[in-house]
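Given next are the chains, with one letter for each unit.
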Amino acid sequence: MSKLIKLSTFRAKYFEKGEAPTVATVRKLVESGELKGMKLGGQYYIDASGFQAVENDLVRSVLVS
């Protein structure tokens, strides 16, 4: 079952302050299907059950590149 959270909550929970992707970037990722989520009314929600923050900088750099 999906656990949907608000886009603002997603950014605050999974990223350090000042390092989170912009709201526009997250919206584009949802719209393109690269990030699981949906738009309900005017609000974007992210499927947090499918997202896992990577704590290791080396692993993160490999996954992002």
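Heads up: these notes are all about the structure in this document. (Residues numbered from 1 in each chain as written. Predicted model: local features only at pLDDT ≥ 70, side-chain atom pairs only at ≥ 80, totals over all residues. Heavy atoms only, no water.)

## Here we look at the overall build of the chain
Worth spelling out the cut-off: By definition, any uninterrupted DSSP run of H or I lasting at least four residues is a helix, any uninterrupted run of E lasting at least two residues is a strand, and each is numbered from the N terminus. Think of it in three bands: with a 1.4 Å probe and only protein chains considered, a residue is buried below 20% of the maximum accessible area for its type, exposed above 50%, and partly exposed in between. Only heavy atoms matter for contacts: two residues are in contact if any of them lie within 4.5 Å across the pair. Each accessible area value is a Shrake-Rupley result obtained with a 1.4 Å probe; residue values ignore everything except the protein chains displayed when judging cover.
Summing up its helical and strand segments, the chain has three helices and three strands in all. Here the chain holds 65 residues, and 17% of them are scored as buried. The contacts in the chain between residues at least 6 apart in sequence include a share of 46% that link residues at least 24 apart. Split by element, the accessible area of the chain, about 5100 Å² in all, is 53% carbon and sulfur.

## Describing the nonpolar core
For the record, the criterion: Among the buried residues, those of types Ala, Val, Leu, Ile, Met, Phe, Trp, Tyr and Cys that are joined through side-chain atoms within 4.5 Å form a nonpolar core.
Counting residues in each nonpolar core, the largest one holds ten residues, listed as I5, L7, F10, Y14, V26, V30, L35, Y44, I46 and A48. Elements that contribute at least two residues to this core include exactly α1 (7-14), α2 (23-32) and β3 (43-47). Here this core gets three residues from one element, more than from any other, and that element is α1. Among all residues touching V30, those that are not within four sequence positions of it are L35, G37, M38, Y44 and I46.

## With respect to the packing of aromatic side chains
What counts, and what does not: Side-chain rings of Phe, Tyr and Trp (the six-membered ring for Trp) are treated as a pair once their centres are within 6.5 Å; stacked means planes under 30 degrees apart, edge-to-face means over 60, and tilted covers the remaining angles.
Applying the stated criterion to the full structure yields two aromatic pairs. Arranged with centres 5.8 Å apart and planes meeting at 75°, the rings of F10 and F15 form a pair that is edge-to-face. The partly exposed category is assigned to F15, whose relative accessible area is 26%.

## Points about the environment of E31
Along the chain, the position of E31 falls in helix α2. On the basis of relative accessibility, which here comes to 57%, the residue E31 falls in the exposed class. Spatially, the C-alpha atom of E31 lies 9.9 Å from that of Y44, the residues being 13 residues apart in sequence.

## Comments concerning the sheet that holds strand β1 (residues 4-6)
As a reminder, the rule being used: Each pair of strands is called paired provided DSSP finds at least two bridges between the two strands. Under this scheme, a helix contributes an axis fitted over its contacting stretch, all axes are lines through C-alpha atoms, and angles between N-to-C directions fall in the 0 to 180 degree range.
Across the sheet, three strands lie side by side as β1-β3-β2; this open sheet has antiparallel pairing. Where the open sheet ends on each side, the last strands, each with one partner, are β1 and β2 (37-40). Neighbour-to-neighbour, the strand axes of the sheet open up by a mean angle of 35°, direction not taken into account. Strand direction decides the pairing type here: β1 and β3, joined by three bridges, are antiparallel.

## Points about α1
Basically, it comes down to this: Throughout, the arc means the angular range of directions from the helix axis out to the C-beta atoms.
All buried positions along α1 are accounted for by L7, F10 and Y14. The arc that holds every buried residue of α1, seen down its axis, measures 55°, which confines them to one face. Opposite the buried face of α1, at more than 90 degrees from it, the exposed residues are A12 and K13. Against β1, α2 and β3 lie the buried residues of α1.

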